[in-house]
Amino acid sequence: MGKRILYFLLTNILVLLTISIIFTLIPGTWKYIGEDGQLQLGTLLIFSAIIGFTGSFISLAMSRWMAKRIMGVRIIEPNDHLTEQEKEVVEKVHRLARAAGLMHMPEVGIYQGKEVNAFATGPSKKHSLVAVSSGLLNEMDDDAIEGVIAHEVAHIANGDMVTMTLLQGIVNTFVVFLARIAAFIVSRFVKEELAPIIHFIAIIFFQLIFSVLGSLVVFAYSRHREFHADRGGVDLAGKDKMRHALESLKLYSNRVREEETAIATLKINGTKKSSFFSTHPSLDERISRLR
């Protein structure tokens, strides 16, 4: 999958696993197993939903902070002593955000990297971030940069961050639910004195497995939303600039080092070919649909 996709996947998995372990160790949270030793599926589903949505919303709340820390994003403000290039980036983000009807301007940031890319993140439209790489600013012309930024602003205006979180919460719910059912079944095949330990270990094991499988659903939805963000970019910057941005991304995509770290969630640049583990459709497919 590559490091870019792993950041999004691992953040949710680790947060969900941590909450799940805490809930499991707290006395009284085993009530989904009745006094007769059988699972109470209704109670387990409610229990799973609490853990699942708590995990996804914590991940959402951490998204902007984590993006700044992991990527080394430097926030630029209109009142700072900015270079001409930085002023243009801030102006483009704010102008396109106003055109998209956003009441609160996103934070604007730049991160150092040879990759030609940009991303949007944040817990809400009010608290969002648009960041571009130094590689994008150095390699792309003005129209292409505007098309890229328009795509990212469209992600924010469409509420994609919250929508993805709700979907992740549903996926997390079923991950927790199915993991505990599987763990319960496994614990029935060992000695009674070992059952609690095996049950706990099996929960962690199955939750990791089901989390990876569940991520396929999230990745599929992410690919779907990219087309909507492209269409939003057309509305904000115009079809020619959006198409030019994608064609420029395709031109420079081969020059991005595979080992360079980057956050995949809501980024504009994907891979050449789509796969089940891709967060973005291929650039060829996006350009074709735009045409």
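Look above for the structure.
All of these numbers come straight from a predicted model, not from anything done at the bench.

With that out of the way, let us pick up the overall build of the chain. Check the secondary structure of the chain and you find nine helices and four strands. Sequence-ordered secondary structure for the chain, helices as α and strands as β, is α-α-β-α-β-β-β-α-α-α-α-α-α. The 291 residues of the chain split such that 51% are buried. Element-wise, carbon and sulfur atoms account for 61% of the exposed surface of the chain, whose accessible area totals about 14,000 Å².

What follows deals with the packing of aromatic side chains. All told, the structure shown has three aromatic pairs when counted by the stated rule. Pairing tyrosine 111 with phenylalanine 119 gives two aromatic rings, centres 5.7 Å apart and planes at 45°, and the pair type is tilted. Classification of tyrosine 111 as buried rests on a relative accessible area of 1%. With relative accessibility at 0%, the residue phenylalanine 119 sits in the buried group. With centroids separated by 5.3 Å and ring planes inclined at 75°, the aromatic side chains of phenylalanine 205 and phenylalanine 206 adopt a geometry described as edge-to-face. Judged by relative accessible area, phenylalanine 205 falls into the partly exposed class, the value being 48%. Site record: aromatic cluster; members linked through ring pairs are Phe205, Phe206 and Phe210. Just above the ring of phenylalanine 227 sits the side chain of arginine 289; from NZ or CZ to the centre is 3.9 Å.

Before going further, it helps to examine the environment of leucine 102. Its place among the elements puts leucine 102 in the loop between α3 (84-99) and β2 (107-111). As a C-alpha pair, leucine 102 and alanine 157 span 55 residues in sequence and 6.7 Å in three-dimensional space. Beyond its immediate stretch of four places on either side in the chain, leucine 102 contacts Ala97, Lys125, Val153, Ile156 and Ala157.

Conventions and cut-offs
Residues numbered from 1 in each chain as written. Predicted model: local features only at pLDDT ≥ 70, side-chain atom pairs only at ≥ 80, totals over all residues. Heavy atoms only, no water. Helix = DSSP H or I, 4+ residues; strand = E, 2+ residues; numbered from the N terminus. Buried < 20%, exposed > 50% of the residue type's maximum accessible area, 1.4 Å probe, protein only. Areas by Shrake-Rupley, 256 points an atom, 1.4 Å probe, with all protein chains shown as cover. Phe/Tyr/Trp six-rings, centres within 6.5 Å; stacked < 30°, edge-to-face > 60°. Lys NZ or Arg CZ within 6 Å of the ring centre and 35° of its normal. Contact = heavy atoms within 4.5 Å.

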